[in-house]
Protein chains: 2
Amino acid sequence: MNTNTKIKPLEFVINTVQDGNENELEFFVKTMSNADKARLIESLPKQFRSQVWSRIQVKDKGETLLAMHSEVRRWIVDIADKEELVSSLSYMQMDELADLDEDLPISVLSAMVEAMDNQRRILYDTVKVYPNDTAGGLMDLDAIGIRADVSIRAVLGHIRNLFKQEKKLPEHLDSLIVVDRLNRVEGSIALSQLLCFPAKTSISEVMEYRTPSITARMSAKNVVRIFEDNDLLSAPVVDDNRVLIGRITVDDVVDFNHKQVEKEALNQAGLDENADIFTPILSGSLKRAIWLGINLITAFLAAWIIGLYDASIEKLVALAILMPVVASMGGVTGSQTLTIVTRGVALEKISVSNILAVSIHELKIATLNGILWAGVVFVIAYFWFNDVWLGLIFSASLLIAILSGTIFGAMIPLFLIRFGSDPAIAGGVILTTITDMVGFFVFLSLATFFLI
Amino acid sequence: MNTNTKIKPLEFVINTVQDGNENELEFFVKTMSNADKARLIESLPKQFRSQVWSRIQVKDKGETLLAMHSEVRRWIVDIADKEELVSSLSYMQMDELADLDEDLPISVLSAMVEAMDNQRRILYDTVKVYPNDTAGGLMDLDAIGIRADVSIRAVLGHIRNLFKQEKKLPEHLDSLIVVDRLNRVEGSIALSQLLCFPAKTSISEVMEYRTPSITARMSAKNVVRIFEDNDLLSAPVVDDNRVLIGRITVDDVVDFNHKQVEKEALNQAGLDENADIFTPILSGSLKRAIWLGINLITAFLAAWIIGLYDASIEKLVALAILMPVVASMGGVTGSQTLTIVTRGVALEKISVSNILAVSIHELKIATLNGILWAGVVFVIAYFWFNDVWLGLIFSASLLIAILSGTIFGAMIPLFLIRFGSDPAIAGGVILTTITDMVGFFVFLSLATFFLI
C-alpha cells in the first residue's frame, strides 16, 4: 500500500472531473482507503462530491459513509441511490451500522432491516439498545466464548468449525473469552497462547484470569481509559449480570477517541463537530450565531463595567489605554491554571482531595509572575505617561488581576463539573468573561479612588 | 480486574501514610495498573510520593516510570535506589526503554547497558538510532518474519520453537510478517488465519499482500494516521531498502497519540507538557513567564493603537466603553475560522487547493453573522448613548472586525505552516493580537473621522 509518496488527491480529482477523464478517476478512487475516500469527499466543494461517490465500490460505500462527519454523510445519503445504499450496508458490522443509522432516512432503514436475516436482525436490535457513547455502542457482537475446562485441541476445532460455517472469523480476533456455564466472563486466552502449548493442555492452565471486563453501560470515555491503561487489543463486554454480550476492539476505541478529540477542539470554538466545511451558508451562520451572541453578551458585560467609570476615563484617558492590558494578563494567567486543572481532572490527576494543594501551588507561581510583570509594567507606564501614581495603580491592578485569574482558573472547572458541564468547552468563555470584568473593575475603581 | 467500583486513591494514600498503615498501602498499590500508579504519584504532593514509589514491585517500576510525565519521572529517578532501578529496567521492552532513557542519569544508563546481554545491547543500539517521534522510535524489534513458500505447519513449528527458547512470545502478537529472501516485507498473515486452514496450506495462498508498511523515518503522527485509517493492530517497520527491522503495535500508537493530544492542549496555553503539577515554584514561574511576556507585548501593541486616539476618547468616552466589544467579536469570529482551518489542515481536509473555496465559504457565513450582530449592536448602542451616528460607526466597525477576523483566521494557519510552525499552538495568540489591533483601529479611526 502506498503510504509514502504523496499525491494531491484534491487537485487531481478536480482536474480529472473537469477534463472528463472518468476511467482515471475510477482507478484512483479504488486505490484509496475508505478513510481517505471520506476525507476526499469532505474536502471537495459540493459540485464534485457526487462524481467521487458514484465511483466508490458498493462494498466500500458503507465504511466510507461511516468515516464522514454527520452533516456530509446526510448530504451524500440524500443524493445516493437508495437501493445501492441498502446493499452497501449489508457489508457492515453491527456496531458500525448502529453508529450510522441515525443519518439514514426511514425508507433506507426499513429496507435495510428487511434485507437482514433473522440472526442479523436480533444482533442489530441488541446493539441499538445502547447509546453510541457507551461501551454497548462501541461493541461488536462477535465475541467467541469458550469454556475453561476444555482442551486447546477442542478450542481449535471450534474455531475451524466457526470459520467453515461463516467463511470468515471476526475482525481483529486476538483472543477468545473464557466463560462459565452461565456465559459469565472468567478470563481470556490469546490466540498466540493457543499456538504455543500442546493440544491436550486445558484452557484453565494457560488462560489469563485478570481480563478487564467492561459493562455495556460504561461511558465510552472510560473505555478509552481502560484500553490505554492496560494496553488492550480487545476486551469482553458484559451486561449487568456479568454475562458476555459482546467485544470491543481497539480500532473502535481509537476511532471514538479520535472523534472525541476533534469534537472537543471544535466545541471549544463554539463549532459543531458534525459540520461540513462546506455547510449551507444560512444554517451554518445560525449555528455560529449562538456562540457569537454569547460572546456579545460577555463583551457588553465588560463594557458595562467600563461605562460605570466613564467620568474617570474622561479625566484620565490613560485609563482607557491601559485597561485592556490588565484584563488580558489576568485572562492569560487564569487560562493557564484553567488548562492545568481541566486536563488534570480529565486525567484523574486532580480531584477535590488535592485541588487545594494544586490551587495554592498555582497561586505561588502566579505571585512570582505577578510581581515580575507588575514591575515591568510599572516602568513602561511610568515612562509612557510620566506619572508614578498611575504606574503604581496600574501595576497593583495587574498583580490583583493575575492572582484572581488564577483563583478563578482553579475554581471554574470544579464548579462546572459539579453542575454536569464539560469545563473543556465552556471554561474558557466563562473565565475570560470574569477576568475581563475583574480586570476592568479593579483598575478603574482603584484609579478612581486614588487618582481622580 | 476492578474497573467499575470507584475508590479515591488520593485520600486513601494520604490517610494511610499519615496513619502509618503500611501493609494496607502496599496491598492497595499492588492492585493498581501501572498507569494508575503513575497517575497516583503525579497527583500526590511531593512529601507522599516516595512512600508510594517504594511500595511498587521492582518489575513494575520501569513501566510506572514510563507512564509518568518527564519532570515527575526525573524527580522519582533522583530519589530512587539506583541498583533497584537498573534491575527494574531489565523488565522493559526496547522501545519503551528508548522512550525513558533521556531521563536517566549516566550512572544508571551505563549500569543498565552493562547488565544487558549481547543480543539486547544490539537491539538497544538499533532502537536508539531513531528519534522518539518517528516510527523507528515507536517500534519494537520483535517482528517475526516468515517466508511465503512454507506451509502453515512449518510456521506453527517455528513459533513453538521460538516460544520454547524465549519462554514467551512478543506482546500483542496478532500477525506474522511475510518476507522475501532479503528480508524485505511482502505481506502479512493473521494468527487467526493460521488456525483456520489445513496445516499443509502454503502461506502464499492465505497471506494478506496489502500490508501497509511503515518506514522507520516516518513521523509518528503519520503512523497514527495510518493505524487509524486502516484499523491496524500492528504493522511492520522497514528501513530505506524495505528490509524488515521492527514492528509497531497499536498500544504504542495509542500512547503516543494520547501524549500528543495532551501536549497540544497544554502548549496552546503556553504550558510545558512535561511539567509536574507540583513543579518547583521558581522554575515553574520562569517557564510560564515567557508566555505572559509574549502576551504582555501583544496587549501593549493594542494599547499603543488606543493611545493614538487618546484625544478622540477624551472627547467621546463612549469609544472607550464600546471598543473592547468590537475587538472581542472580531477575535471570536476569527478563532472559529482559525479552528476550522487548523483542524482541517491537520486532518488533510484543507490544503492550498481548496483553501480559497473554504475561505470564501467562511466569509459568506461571517457576512450573514456580521450583518445580524451589527444590527443588534446598533440598537443597543443607540439606546445606551442615544446617538445614531455612534451606533452606525459602532456597527459598521463590528462588521469590518468580523470580516477581517475571518480572513486572518483563514490565512494565519497557512502562513504558520509555510514557516514550519504549528498553527494549533501559536495561531490563537497571533490571531487575537491582530484582531484586537484591527478592532481598536477600525472603530477608533472611523469614529475620529466621522464623529470627532
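This write-up is about the structure you can find in this document. These figures come from a predicted structure and were not determined experimentally.

Attention now goes to the relation of the copies chain A and chain B. It takes a turn of 180° to lay chain A on chain B, together with a shift of 0.0 Å along the axis; the resulting RMSD is 0.1 Å. Accordingly, the operation relating the two chain copies is best matched by a two-fold axis. When the interface residues of chain A are mapped onto chain B, 100% of them again fall at the interface, so both copies present the same face.

All names here are of chain B. Among the secondary structure elements, threonine 16 is positioned in helix α1 (residues 9-19). You can call threonine 16 buried: its relative accessible area is 5%. Aside from chain neighbours lying at most four places away, what touches threonine 16 is Asn21, Glu24 and Leu25.

The interface of chain A with chain B comprises 116 residues on the first partner and 116 residues on the second. Summed over both partners, the interface of chain A with chain B buries about 11000 Å², with 69% contributed by carbon and sulfur atoms. Counting the contacts that link chain A with chain B gives 8 salt bridges. The partner of arginine 288 of chain B in a salt bridge is glutamate 362 of chain A, and the shortest N-O contact between them spans 2.8 Å.

Below, the discussion takes up the pattern of salt bridges. Tallying each qualifying case throughout the model produces 42 salt bridges over all chains. The salt bridge involving aspartate 240 of chain B is made with arginine 217 of chain B; its shortest N-O contact spans 3.4 Å. Of the two residues, aspartate 240 of chain B sits in the loop between β5 (234-238) and β6 (244-249) while arginine 217 of chain B sits in the loop between β4 (214-215) and α15 (220-230), which places them 23 residues apart along the sequence. The structure contains a network of salt bridges with shared partners spanning Asp36 and Arg39 of chain A together with Arg225, Asp229 and Glu348 of chain B.

In this section: the sheet that holds strand β6 (residues 244-249) of chain A. Residue and element names in this part refer to chain A. Overall, mixed pairing links the 3 strands, which are arranged β4-β5-β6 in an open sheet. Only two strands of the sheet have a single partner each, and these edge strands are β4 (214-215) and β6. Here β4 pairs with strand β5 (residues 234-238) via 2 bridges, running parallel. Within the sheet, the bridge partner assigned to isoleucine 214 lies in β5 and is valine 237.

Here the focus is the pairing of β6 of chain A. All names here are of chain A. Buried residues dominate β6, accounting for 5 of its 6 residues. Note that β5 and β6 share 5 bridges and pair antiparallel. Following the sheet pairing, proline 236 is matched in β6 by arginine 247. What sits between the antiparallel neighbours β5 and β6 is a turn of 5 residues, in which arginine 242 has the positive phi angle 65°.

This brings us to the nonpolar core. By size, the foremost hydrophobic cluster in this structure holds 119 residues, and its most contacted members are Ile248 of chain A together with Ile248 of chain B. Among all residues touching isoleucine 248 of chain A, those that are not within four sequence positions of it are Ala135, Leu138, Met139, Ile214, Val223, Phe227, Leu233, Ser234, Ala235, Val237 and Val253 of chain A. By size, the runner-up hydrophobic cluster in this structure holds 79 residues, among which are Leu319 of chain A together with Ile321, Ala327 and Ala381 of chain B.

All names here are of chain B. Inspection of every chain in the model, using the stated rule, returns 20 aromatic pairs over all chains. Considering the side-chain rings of phenylalanine 378 and tyrosine 382, the 6.2 Å spacing of their centres and the 15° angle between planes classify their relative orientation as stacked. Here phenylalanine 378 pairs with tyrosine 382, and both are found in helix α20 (residues 355-385), just 4 residues apart, close to one helical turn. Each ring, one from tyrosine 382 and one from phenylalanine 383, has its centre 5.3 Å from the other, and the planes form 75°; the classification is edge-to-face.

All names here are of chain B. Interaxial distance between helix α3 (residues 34-43) and helix α5 (residues 58-66) falls to 8 Å at its minimum, and their mutual angle equals 65°. As for the relative orientation of α3 and α5, their crossing is right-handed in sense. For the pair α3 and α5, the contacting residues are Asn34, Lys37 and Ala38 in the first and Asp60, Glu63 and Thr64 in the second. For the contact of α3 with α5, the residue count by class is 1 nonpolar, 2 polar and 3 charged.

Take the environment of isoleucine 365 of chain B next. You can see isoleucine 365 of chain B is positioned in helix α20. Taking relative accessible area as the criterion, isoleucine 365 of chain B reaches 1% and is therefore assigned buried. In the structure, isoleucine 365 of chain B is positioned 202 residues away from phenylalanine 163 of chain B in sequence and 62 Å away in space, judged by C-alpha atoms. Residue contacts for isoleucine 365 of chain B: discarding those within four places in its chain leaves Thr279, Ile281, Gly284, Ser285 and Arg288 of chain A.

Turning our eyes to something else, we now look at the sheet that holds strand β2 (residues 175-179) of chain A. Residue and element names in this part refer to chain A. Ordered by their spatial adjacency, 3 strands build an open sheet running β1-β2-β3, and the pairing between neighbours is mixed. Each end of this open sheet is capped by a strand with a single partner; those strands are β1 (145-147) and β3 (185-190). Put simply, the sheet's adjacent strands are angled 40° from each other on average, direction ignored. Both β2 and β3 contribute to a ladder of 5 bridges, which runs antiparallel. Following the sheet pairing, valine 178 is matched in β3 by glycine 187.

Quick look at the packing of helix α20 (residues 355-385) of chain A against helix α17 (residues 281-308) of chain B now. What describes two packed helices is the angle between their axes and the distance between those same axes. With their axes 9 Å apart at the nearest point, α20 of chain A and α17 of chain B run at an angle of 35° to one another. Considering only the axes of α20 of chain A and α17 of chain B, their crossing is right-handed. Contacts between α20 of chain A and α17 of chain B involve His361, Glu362, Lys364, Ile365, Leu368, Asn369, Leu372, Trp373, Val376, Val377, Ile380 and Trp384 of chain A from the first element and Ile281, Leu282, Gly284, Ser285, Arg288, Ala289, Leu292, Gly293, Leu296, Phe300, Ala303 and Trp304 of chain B from the second. Taken together, the residues of the contact of α20 of chain A with α17 of chain B sort by class into 16 nonpolar, 5 polar and 3 charged.

This paragraph deals with a negative patch on the surface. There is a patch of like negative charges on the surface, built from Asp310 and Glu314 of chain A together with Asp310 and Glu314 of chain B. Counting only elements with at least two residues in the negative patch, the list comes to α18 (310-315) of chain A together with α18 (310-315) of chain B. The topology assignment puts glutamate 314 of chain A in helix α18. A relative accessible area of 40% means that glutamate 314 of chain A is categorised as partly exposed.

Here we come to the pairing of β2 of chain A. On any regular strand, side chains alternate: one points to one face of the sheet, the next to the other face. Residue and element names in this part refer to chain A. Along β2, 5 of the 5 residues are buried, which leaves the element largely enclosed by surrounding structure. With burial as the criterion, each face of β2 is covered, one bearing Ser175, Ile177 and Val179 and the other bearing Leu176 and Val178. For β1 and β2, the ladder comprises 3 bridges, and the chain directions are parallel. Bridge pairing in β2 places glycine 145 opposite isoleucine 177. Taken together, β1, helix α12 (residues 152-166) and β2 constitute a β-α-β crossover, and its handedness is right-handed. What sits between β2 and β3 in their antiparallel hairpin is a turn of 5 residues, with asparagine 183 showing a positive phi close to 70°.

Here we come to unusual backbone geometry. In this structure, arginine 242 of chain A is a non-glycine residue whose phi angle is positive, near 65°. Topologically, arginine 242 of chain A is positioned in the loop between β5 and β6. Of note, the phi angle at lysine 167 of chain B is positive, near 70°, even though the residue is not glycine. Turning to its location among the elements, lysine 167 of chain B is positioned in the loop between α12 (152-166) and β2 (175-179).

On the surface, Ile297, Leu301, Trp304 and Leu308 of chain A together with Leu372, Val376, Ile380 and Trp384 of chain B cluster together into a nonpolar patch covering about 700 Å² of accessible area. Sorting the residues of the nonpolar patch by element identifies α17 (281-308) of chain A together with α20 of chain B as the ones contributing at least two each. Locating leucine 301 of chain A in the fold gives a position in helix α17. For leucine 301 of chain A, a relative accessible area of 33% gives the class partly exposed.

Reading the values: the criteria
Residues numbered from 1 in each chain as written. Chains lettered and ligands numbered in written order. Predicted model: local features only at pLDDT ≥ 70, side-chain atom pairs only at ≥ 80, totals over all residues. Heavy atoms only, no water. Least-squares fit on C-alpha atoms with pLDDT ≥ 70 in both. Contact = heavy atoms within 4.5 Å. Helix = DSSP H or I, 4+ residues; strand = E, 2+ residues; numbered from the N terminus. Buried < 20%, exposed > 50% of the residue type's maximum accessible area, 1.4 Å probe, protein only. Buried area = accessible area lost by both parts, 1.4 Å probe. Salt bridge = Lys/Arg side-chain N within 4 Å of Asp/Glu carboxyl O. Pairing = 2+ DSSP bridges. Core = buried A, V, L, I, M, F, W, Y, C linked by side-chain atoms within 4.5 Å. Phe/Tyr/Trp six-rings, centres within 6.5 Å; stacked < 30°, edge-to-face > 60°. Axes fitted to C-alpha atoms, helices over the stretch in contact; angles between N-to-C directions. Left-handed = near helix turned anticlockwise from the far one by under 90°. Nonpolar A, V, L, I, M, F, W, Y, C, P; charged D, E, K, R; others polar. Patch = residues over 30% accessible without salt bridge, like charges linked within 9 Å, V, L, I, M, F, W, Y side chains within 5 Å. Areas by Shrake-Rupley, 256 points an atom, 1.4 Å probe, with all protein chains shown as cover. Lys, Arg positive; Asp, Glu negative; His and termini not counted. Charge placed at Lys NZ, Arg CZ, Asp CG, Glu CD. Right-handed = clockwise from strand over helix to strand, strands pointing away.

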